[in-house]
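# Coordinates in review
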Amino acid sequence: YFLTTLNFVFWTVAVQFVIGLALALLLNTKVKGRGVFRGLFLVPWTIPSVVVALLWRLMMNNSYGIINWMMNRVGIIETTSFDWLNSPNFALPAVVIAAVWRQLPYMMVMLLAGLQSVDRSQIEAARIDGATFMQTLRHVTLPTIRPVIFSSIWIAIMNNFQMYTIIQLMTGGGPNEATYTLSIAAYKKAFTDYNFGQGAAIGVMWLIFLTVVTVIINKLSAKSAENL
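Residues numbered from 1 in each chain as written. Predicted model: local features only at pLDDT ≥ 70, side-chain atom pairs only at ≥ 80, totals over all residues. Heavy atoms only, no water.

### Focus on the overall build of the protein
In terms of helices and strands, the protein carries twelve helices and zero strands. Seen in sequence order, the protein has helices and strands lined up from the N terminus as α-α-α-α-α-α-α-α-α-α-α-α. In terms of its C-alpha atoms, the protein occupies a principal-axis envelope of roughly 60 × 45 × 25 Å. Buried residues in the protein amount to 40% of all 228 residues. (Helix = DSSP H or I, 4+ residues; strand = E, 2+ residues; numbered from the N terminus. Buried < 20%, exposed > 50% of the residue type's maximum accessible area, 1.4 Å probe, protein only.)

### Structural notes on the side chain of Ser152
Counting through the fold element by element, Ser152 comes out in helix H9 (residues 146-161). Among the polar contacts listed, one links the side chain of Ser152 to the backbone oxygen of Val148, at a separation of 2.8 Å. Discounting chain neighbours no more than four positions away, the residues touching Ser152 are Met107, Met110 and Leu111. (Polar contact = N/O pair within 3.5 Å; in protein donor to acceptor, adjacent residues only side chain to side chain. Contact = heavy atoms within 4.5 Å.)

### Some points on H9
Helix length check: H9 (16 residues) gives 22 Å between terminal C-alpha atoms against 22 Å at 1.5 Å per residue, within 8%. Of all the residues in H9, the buried ones are Ile149, Phe150, Ser152, Ala156, Ile157, Met158, Asn160 and Phe161. (Expected span 1.5 Å × (residues − 1).)

### Structural notes on a nonpolar patch on the surface
Residues Val204, Ile208, Val212, Ile216 and Leu220 make up a contiguous nonpolar surface patch of roughly 430 Å² in combined accessible area. Residue position: Val212 is located in helix H12 (residues 196-226). The partly exposed category is assigned to Val212, whose relative accessible area is 44%. (Patch = residues over 30% accessible without salt bridge, like charges linked within 9 Å, V, L, I, M, F, W, Y side chains within 5 Å. Areas by Shrake-Rupley, 256 points an atom, 1.4 Å probe, with all protein chains shown as cover. Salt bridge = Lys/Arg side-chain N within 4 Å of Asp/Glu carboxyl O.)

### A word on the nonpolar core
Among the nonpolar cores identified, the biggest contains 58 residues, and Phe8, Met60, Ile157, Ile166 and Met170 are the most heavily contacted of them. Per-element tally for this core: the top contributor is helix H6 (residues 91-115), with 13 residues. Among all residues touching Ile166, those that are not within four sequence positions of it are Ser49, Val52, Ala53, Val95, Ala98, Ala99 and Arg102. (Core = buried A, V, L, I, M, F, W, Y, C linked by side-chain atoms within 4.5 Å.)

### Quick look at the packing of aromatic side chains
Tallied over the entire structure, the rule returns 14 aromatic pairs. Plain terms: the ring middles of Phe191 and Phe196 are 6.2 Å apart, the flat faces sit at 85° to each other, and that makes the pair edge-to-face. When its relative accessible area of 48% is taken as the criterion, Phe196 is described as partly exposed. By the ring-pair criterion, three or more aromatic residues cluster together here, those being Tyr164, Tyr187, Phe191, Tyr194 and Phe196. (Phe/Tyr/Trp six-rings, centres within 6.5 Å; stacked < 30°, edge-to-face > 60°.)

### A word on the side chain of Arg102
Counting through the fold element by element, Arg102 comes out in helix H6. Although Arg102 lies buried, it forms no salt bridge, and the closest oppositely charged side chain, Asp83, sits 23 Å away as judged by the N-O distance. A polar side-chain atom of Arg102 sits 3.5 Å from the main-chain carbonyl oxygen of Trp45. In contact with Arg102, not counting residues within four places along its chain, are Pro44, Trp45, Ile47, Pro48, Ser49, Val52 and Ile166. (Lys, Arg positive; Asp, Glu negative; His and termini not counted.)

### Here we look at the packing of helix H1 (residues 2-27) against H9
Interaxial distance between H1 and H9 falls to 9 Å at its minimum, and their mutual angle equals 140°. When the axes of H1 and H9 are compared, the pair comes out oblique. The two elements H1 and H9 cross, and the hand of that crossing is right-handed. Across from Thr5, Leu6, Phe8, Val9, Thr12, Val13, Gln16 and Phe17 in H1, the residues of H9 making contact are Ile149, Ile153, Ala156, Ile157, Asn160 and Phe161. (Axes fitted to C-alpha atoms, helices over the stretch in contact; angles between N-to-C directions. Parallel < 35°, antiparallel > 145°, perpendicular 65-115°, else oblique. Left-handed = near helix turned anticlockwise from the far one by under 90°.)

### Description of the environment of Leu21
Among the secondary structure elements, Leu21 is positioned in helix H1. Here the alpha-carbon distance between Leu21 and Gly75, two residues 54 residues apart in the chain, equals 29 Å. Setting aside residues up to four positions removed in sequence, Leu21 forms contacts with Leu111 and Leu142.

### Description of unusual backbone geometry
Working note: non-glycine residues mostly have negative phi, and peptide bonds are mostly trans. In this structure, the amide linkage connecting Gly174 to the following residue, Pro175, adopts the cis form with an omega of -5°. Its place among the elements puts Pro175 in the loop between helix H10 (165-170) and helix H11 (182-191). Even without being a glycine, Asn176 presents a positive backbone phi close to 55°. By relative accessible area, which is 69% here, Asn176 ends up exposed. Residue Glu177 is not a glycine yet carries a positive backbone phi of 60°. Counting through the fold element by element, Glu177 comes out in the loop between H10 and H11.

Put into structure tokens, the structure is as follows:
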């Protein structure tokens, strides 16, 4: 259960950070209609997790889901009856996609706020010295917003370790416990099997791990802030 949780949290946080950073960089430019795009990108964050889970479950349905239809039309899959949520290999990625879609706006807004605080003169000086976009991003932009990055990642880790609603409504921890995370395990052990001892043990292990992660991230964040 712990390894499944780590796998879920890692991929969810990593994907939403990469996509969130890309969108934040895009919206930080003078792209036409960026105000409209900002509003549209925030829509998933306003939708309750219950609705998100049911929405993605319908879209990934193996009988009438639009995901299979679209992937079949572009030639990625051969049949529209591919069953995402009952496949041991694809159930977890399906849940990750839904979780990323739900949480991406928050990551994007946090990183966008950090990007808007970057001193433009530093970026312009780097470009005058001949730095490429990627060099400027790596050596100027990202080091400047490092405290924001640490805070955003920490909040994302906490949220995904607590993720219950989307996983439960989409897969219920299955198939073959492929999406059986700590939150699902703690609930089922305590309130389905009525084994409160195991449920409490899972909660304690969960708490200890998150405490260690929090201490590490806080130290890294404080160290990066001192180096600015």
